[in-house]
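Results of the structural survey
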Amino acid sequence: MLEAGSPAPRLVLEDTDGQTVQLPGHHAVLLYFMRSTTCPVCRRHVRSLAEDAAALEAAGVRVLIAVPEDRATAAAWRAKHEIPFPVLTAPRGTPHELAGLNRAVFGALQRSGSILVDAEGVVRHAHSATLPTGSYDRAGIAAAVAALGAPA
């Protein structure tokens, strides 16, 4: 997993329309990695992000959701649950593997978590967990987003 203060790795992902999304980009991005689209805890975290969407947007942070499933599964899930954010997959492997969120416990459990990358491509917040109940740090994300706008 990445650490705060480190440069973000270059990630090339695809949205549910098949468009390439490259990170880092030219703006701050919060990338939430779901354990799976069927994980009820992860879906609750996405709803929490949707509740915070206006504040995140006002702070100049774009929210993206990364899922380990294929693009068709991701697109169906996004449409069914009316997800307001782009949902990303990887052309090969998973977004999780590309960000260092490898499976844990002998490969049986997909790790989940979040990464906040600033406009300069520096990781400002990174948090992950093997169990989804511990994978979403709402207070940590809020503090890192607030620090983006703080004078240096």
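Preceding this section is the structure that the text describes.
Structure report, in brief. Keep in mind that this is a model prediction, so the values were computed, not measured. (Residues numbered from 1 in each chain as written. Predicted model: local features only at pLDDT ≥ 70, side-chain atom pairs only at ≥ 80, totals over all residues. Heavy atoms only, no water.)

A separate point is the overall build of the protein chain. Counting its regular elements, the protein chain contains five helices and seven strands. Put simply, the protein chain runs from its N terminus to its C terminus through helices and strands in the order β-β-β-α-α-β-α-β-α-β-β-α. The buried share among the 152 residues of the protein chain stands at 45%. As presented, the protein chain carries roughly 7600 Å² of accessible surface, and 52% of it is formed by carbon and sulfur atoms. Between the mean site of the 14 positive side-chain charges and the mean site of the 14 negative ones, the protein chain shows a separation of 6 Å. (Helix = DSSP H or I, 4+ residues; strand = E, 2+ residues; numbered from the N terminus. Buried < 20%, exposed > 50% of the residue type's maximum accessible area, 1.4 Å probe, protein only. Areas by Shrake-Rupley, 256 points an atom, 1.4 Å probe, with all protein chains shown as cover. Lys, Arg positive; Asp, Glu negative; His and termini not counted. Charge placed at Lys NZ, Arg CZ, Asp CG, Glu CD.)

So, about the pattern of salt bridges. Taken as a whole and judged by the stated rule, the model has four salt bridges. The closest approach of N and O atoms between glutamate 14 and arginine 71, which form a salt bridge, is 3.4 Å. A residue pair is termed long-range when its members are at least 10 positions apart, and glutamate 14 in strand β1 (residues 11-15) and arginine 71 in helix α3 (residues 71-81) qualify at 57 residues. Note that aspartate 52 is salt-bridged to arginine 138, the shortest N-O span being 2.7 Å. Taken together, the positions of aspartate 52 in the loop between α1 (40-51) and α2 (53-58) and arginine 138 in helix α5 (residues 138-148) put the pair 86 residues apart, joining distant regions of the chain. What makes aspartate 52 partly exposed here is its relative accessible area of 23%. It is possible to trace a salt-bridge network through shared partners that takes in Glu51, Asp52 and Arg138. (Salt bridge = Lys/Arg side-chain N within 4 Å of Asp/Glu carboxyl O.)

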